[in-house]
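# Examination of the molecular architecture
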Amino acid sequence: MTSTSTQHRAEIAVDGMSCASCVRRVEKAILAVPGVAAANVNLATERASIEFAEKPDLPSVLQAIEKAGYSPRLEQRNIEIEGMSCASCVRRAEKALQAVPGVVSASVNLATEKASLTVAEGLAEERLEEAIAKAGYAVRKPVAAEAETASPPEDRRDRETTHLAGLTLISALLTLPVFIVEMGSHLIPAMHMWVMDTLGMGFSWRLQFVLASLVLFGPGLTFFRKGVPALLRGGPDMNSLVVVGASAAWIYSVIATFAPQLMPPGTVNVYYEAAAVIVTLVLLGRMLESRAKGRTSQAIKRLVNLAPKTARVWRDESFVDLPVYKIAPGDLIDVRPGERIAVDGQVTEGHSFVDESMITGEPVPVEKTPESAVTGGTINTTGAFRFRAEKVGSATLLAQIIRMVEEAQGSKLPVQAMVDRITAWFVPAVMAAATLTFLIWLIFGPSPALAHALVNAVAVLIIACPCAMGLATPTSIMVGTGRAAELGVLFRKGEALQSLKDISIIALDKTGTLTLGKPELTEIITTEGHVRGDILRLAASLEARSEHPVANAIVRAAQDEGAKLAEVEDFKAEPGFGVSGMVEGRSVVIGADRALQRAGIDISALAASAERLAREAHTPLYIAVDGSAAALIAVADPIKETTPQAIQALHVLGLKVAMITGDNRHTAEAIGRKLGIDQIVAEVLPQGKVEAIERLKSGGNAVAFVGDGINDAPALSAADVGIAIGTGSDIAIESADVVLITGDLTGVSRAVGLSKAVFANIRQNLFWAFGYNVLLIPVAAGLLYPVNGMLLSPIFAAAAMGLSSVFVLTNALRLRAYNKS
């Protein structure tokens, strides 16, 4: 039996196997997948070795393992790719990575020059590097944290821009004499006479040959190094178009200069200036594109620069300056006035005010005293303090923000799938169009037909711009998500950018979202035979066992009045109803009206008071002692200052606002009237929020749900877009698509507004990129010649191609100015 190539072999780690029968079951499941030649599962290593008879189909194998009841172990990886220049490169790199056994999915982003991969755990990095190298690109190695901290490297994009600027300058200096001599002779009779009398046509052509050759095989060599291998592999890219176009003009001119007898009469002309100017203008376009790309990633650069490189850390009985990467949890760090805080932690001594605007967006510094939390990247103002490090490295809030922004910037939106399908065949189609143009002009064109055929075919090759098509979507996403982070909005999933623009209803949780989430006890109404202080002590004793914000309000009120809390037995909490237990031998129940009614307790004596309090936007809670209604407690959760402004901003965007709450209907309606909320869904149990969202979705409505990300996780997942209110210290909320770093609800309107702005920008870019190619490729082919005698010079084609990419990038950069709230 012939051994299977390593290219058709994959290994997958499998969880959940416990015995030999598990091994057999997994093997049978894998072998049943079409194309699998052999499968060997090892229980000790928990790995499956698979050999494929043909192209590996890993997703089907993973699906088969899951259907058998086991879990394949997968991991996410990101790699940086060098050498990509257009959308065709993206497609080729993706195909190369997807062909590696062990790669489940691969998504390559031209703007960030990164690939996001889902791979089988343990896949060797070398396999990915080999695949990328075979496709004609290279994997960029990451800089070690130590080296980066010790000596920050010069920005790669700046180096690239500087290098391209140098090549462009050299190319321009060599091209200028060629352009002046050749084009000047055509346009200015006196110049023509001077060239003929002084230089002579033969010397002029040979001089142009030397200068144009220096341009093509000097600065222009960068196109040949990438374009020729791509051509030989049968996968031409943007560089290939430039190489073929410029080389055709150069070769034609060389034959005209040194072997004119080989050419038909009337066709002996030179186009050195076209070849040289094409290279110069494309280099200029690449340089401008590189500079603009660098500006698109400035949001990430600013975030990275917020982190200081060193900190004063207590080591060996003194404070010493250490690189931040050497800080460990538990280290004591000294912060002086004006310094940036290195990592997240808690103040141990001292007093100061810290500028946290990079997190909260609020310009007013926040007071810090012992036990206050501090965040890495924020700036100490005038005081001095020391704090204990708690979260370091990738665990800090700043690192989480950077990671989320990078992931969102690198993601591909559904709209990109359509662009990818078109660009997959774009370059080959352009080369076919250029060939067809050449043949049509050669057969049907006016004299000299060969010269006309060459010029028009070269113009078609040069004017095509897959770069603009490849950059249209990712650059807008990069700039938009970066700007969003600066405004306190993190898109955890790039898809949310596309979904959010179509939202018609914003559903809001009440506690902690519309309100501060810190309820206060406002009133206690007792029934006959019960004393206020006694009721408060019993209620606080029971609620001390609960973590609910309302419970905390009752406990705080009792402690403020000096009440001594009692022991509780048989404590029981039922979400949506309330709490119950035995306090000092007495049965106590605290909860909503439904809780007491279910227990068969008559609450009619307190019903009128409860209705009055609810109308005043207070939440009424009933207390029953030993089976009878004893008191009514009123709790109010203050509305956030920014909430009315946030609701108004959502209405301005044309959105309907709904509130979903477990609170009393009268209370909810009172708050709704006060804030101008369109729809109230009240008295909903926690598990009922998902059903409420499904009801809001009926009729084709797209719904976004805004909650605190903890007890609202199911609702966040059920909505079309889940928006979590961040706490400022823990923003890694897995169930949300969008995270608002602060508790400010105005971030919702910012997120929706940004989504609409980003997609308007993407539509403009795609319209330009596709419209440009659809309109100008036929013009370059000579479509207008029969109408008005117009032909497009390859020189103008090169200028238009370069400007196309620059237009797309510049348009995307306009998103940096977005500032609507």
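All values derive from a computational prediction rather than experimental measurement.

## A word on the overall build of the protein chain
- Looking only at helices and strands, the protein chain features 30 helices and 29 strands.
- With respect to the principal axes defined by its C-alpha atoms, the protein chain has extents near 120 × 70 × 70 Å.
- Expressed as a percentage of its 821 residues, the buried residues of the protein chain come to 52%.
- Intrachain contacts of the protein chain at a sequence separation of at least 6 include 69% that bridge at least 24 residues.
- Roughly 35800 Å² of accessible area belongs to the protein chain as shown, and the carbon and sulfur atoms make up 57% of that amount.
- Counting 74 positive and 83 negative side-chain charges, the protein chain places the centres of these two groups 7 Å from one another.

## Notes on the sheet that holds strand E8 (residues 138–140)
- Pairing is antiparallel in the open sheet, where 4 strands are placed in the order E6-E7-E5-E8. Two strands lie at the open edges of the sheet, namely strand E6 (103–109) and E8, each paired on one side alone. Strand after strand, the sheet turns through a mean of 35° between neighbouring axes, direction not considered.
- Direction of pairing for E6 relative to strand E7 (residues 114–120): antiparallel, over a ladder of 6 bridges. Residue pairing for E7: Ala106 is matched across the bridge by Leu117.

## Comments concerning the UniProt feature "transmembrane region" (unreviewed entry) in the protein chain
- Annotation from UniProt places "transmembrane region" (unreviewed entry) at residues 164–185, 205–224, 236–258, 270–288, 422–444, 450–473, 766–785 and 791–813.
- Counting secondary structure, residues 270–288 comes out at 89% helix and 0% strand; the distance between its end C-alpha atoms is 30 Å.
- In residues 791–813, helix accounts for 87% and strand for 0%; the two terminal C-alpha atoms are 34 Å from one another.

## Some words on unusual backbone geometry
- Note the cis peptide between Ser447 and Pro448, where omega equals -5°.
- With respect to the secondary-structure elements, Pro448 resides in the loop between helix H15 (414–444) and helix H16 (449–463).
- For Asp316, which is not glycine, the phi dihedral falls at a positive 55°.
- Along the polypeptide, Asp316 turns up in the loop between strand E9 (310–315) and strand E10 (318–323).
- Its identity is not glycine, yet Glu317 carries a phi of approximately 65°, on the positive side.
- By the secondary structure assignment, Glu317 is in the loop between E9 and E10.

## A look at the packing of helix H10 (residues 238–258) against H16
- As a packed pair, H10 and H16 sit with axes 8 Å apart at the nearest point and diverge in direction by 160°. By the criterion of interaxial angle, the relationship of H10 to H16 is roughly antiparallel. The handedness of the crossing between H10 and H16 comes out as left-handed. Here Leu241, Val242, Val244, Gly245, Ala248, Ala249 and Tyr252 of H10 lie close against H16, whose contacting residues are Leu450, Ala451, Leu454, Val458, Leu461 and Ile462.
- Residue classes in the contact of H10 with H16 are distributed as 12 nonpolar, 1 polar and no charged.

## Some words on the packing of aromatic side chains
- A full pass over the atoms with the stated rule returns 10 aromatic pairs.
- When the centroid spacing of 6.3 Å and the interplanar angle of 65° are considered together, the rings of Phe209 and Tyr272 count as edge-to-face. A residue pair is termed long-range when its members are at least 10 positions apart, and Phe209 in helix H8 (residues 201–217) and Tyr272 in helix H11 (residues 272–296) qualify at 63 residues.
- Among the aromatic side chains, those forming a connected cluster through ring pairs are Phe209, Phe217, Phe224, Trp250, Phe258 and Tyr272.
- Lying across the ring of Phe759, Lys501 places its NZ or CZ 5.1 Å from the centre.

## Digging into the nonpolar core
- Among the nonpolar cores identified, the biggest contains 140 residues, and Leu97, Phe491 and Ile506 are the most heavily contacted of them.
- Setting aside residues no more than four positions away along its own chain, Ile506 makes contact with Leu650, Leu655, Lys656, Val657, Ala658, Ala704, Val706, Val748 and Val752.
- Ranked by size, the runner-up nonpolar core spans 29 residues in total, among them Ala485, Leu696, Val703 and Val739.

## Quick notes on the UniProt feature "domain: HMA" (unreviewed entry) in the protein chain
- The UniProt entry lists residues 8–73 and 75–140 under the feature "domain: HMA" (unreviewed entry), expressed in the numbering used here.
- Annotated as residues 8–73, this span is 33% helix and 33% strand, and its ends, taken at the C-alpha atoms, are 20 Å apart.
- Taken end to end, residues 75–140 is 33% helix and 38% strand, and its first and last C-alpha atoms sit 20 Å apart.

## Examining the environment of Gly600
- Counting through the fold element by element, Gly600 comes out in the loop between helix H22 (593–598) and helix H23 (604–615).
- Residues Gly600 and Pro414, 186 residues apart in the sequence, show an inter-C-alpha distance of 55 Å.

## Here we look at the environment of Val119
- One can find Val119 in strand E7.
- Once the C-alpha coordinates of Val119 and Gln76 are considered, the two residues, 43 residues apart in sequence, prove to be 6.5 Å apart.
- When sequence neighbours within four positions are dropped, the list of residues in contact with Val119 reads Arg73, Leu74, Glu75, Arg77, Gly102, Val103 and Val104.

## Some thoughts on the pattern of salt bridges
- If you walk through the whole model with that rule in mind, you get 27 salt bridges.
- Across the pair Arg24 and Glu27 runs a salt bridge, and its minimum N-O distance is 3.8 Å. Within this pair, Arg24 and its partner Glu27 are both found in helix H1 (residues 20–31), separated by 3 residues, close to a single helical turn.
- With relative accessibility at 13%, the residue Glu27 sits in the buried group.
- Residue Asp334 is joined to Arg386 by a salt bridge in which the shortest nitrogen-to-oxygen separation is 3.2 Å. Taken together, the positions of Asp334 in strand E11 (residues 332–335) and Arg386 in strand E16 (residues 384–391) put the pair 52 residues apart, joining distant regions of the chain.

Conventions we followed
- Residues numbered from 1 in each chain as written.
- Predicted model: local features only at pLDDT ≥ 70, side-chain atom pairs only at ≥ 80, totals over all residues.
- Heavy atoms only, no water.
- Helix = DSSP H or I, 4+ residues; strand = E, 2+ residues; numbered from the N terminus.
- Buried < 20%, exposed > 50% of the residue type's maximum accessible area, 1.4 Å probe, protein only.
- Contact = heavy atoms within 4.5 Å.
- Areas by Shrake-Rupley, 256 points an atom, 1.4 Å probe, with all protein chains shown as cover.
- Lys, Arg positive; Asp, Glu negative; His and termini not counted.
- Charge placed at Lys NZ, Arg CZ, Asp CG, Glu CD.
- Pairing = 2+ DSSP bridges.
- Axes fitted to C-alpha atoms, helices over the stretch in contact; angles between N-to-C directions.
- UniProt positions renumbered as here; feature names shortened; annotations may be inferred.
- Parallel < 35°, antiparallel > 145°, perpendicular 65-115°, else oblique.
- Left-handed = near helix turned anticlockwise from the far one by under 90°.
- Nonpolar A, V, L, I, M, F, W, Y, C, P; charged D, E, K, R; others polar.
- Phe/Tyr/Trp six-rings, centres within 6.5 Å; stacked < 30°, edge-to-face > 60°.
- Lys NZ or Arg CZ within 6 Å of the ring centre and 35° of its normal.
- Core = buried A, V, L, I, M, F, W, Y, C linked by side-chain atoms within 4.5 Å.
- Salt bridge = Lys/Arg side-chain N within 4 Å of Asp/Glu carboxyl O.

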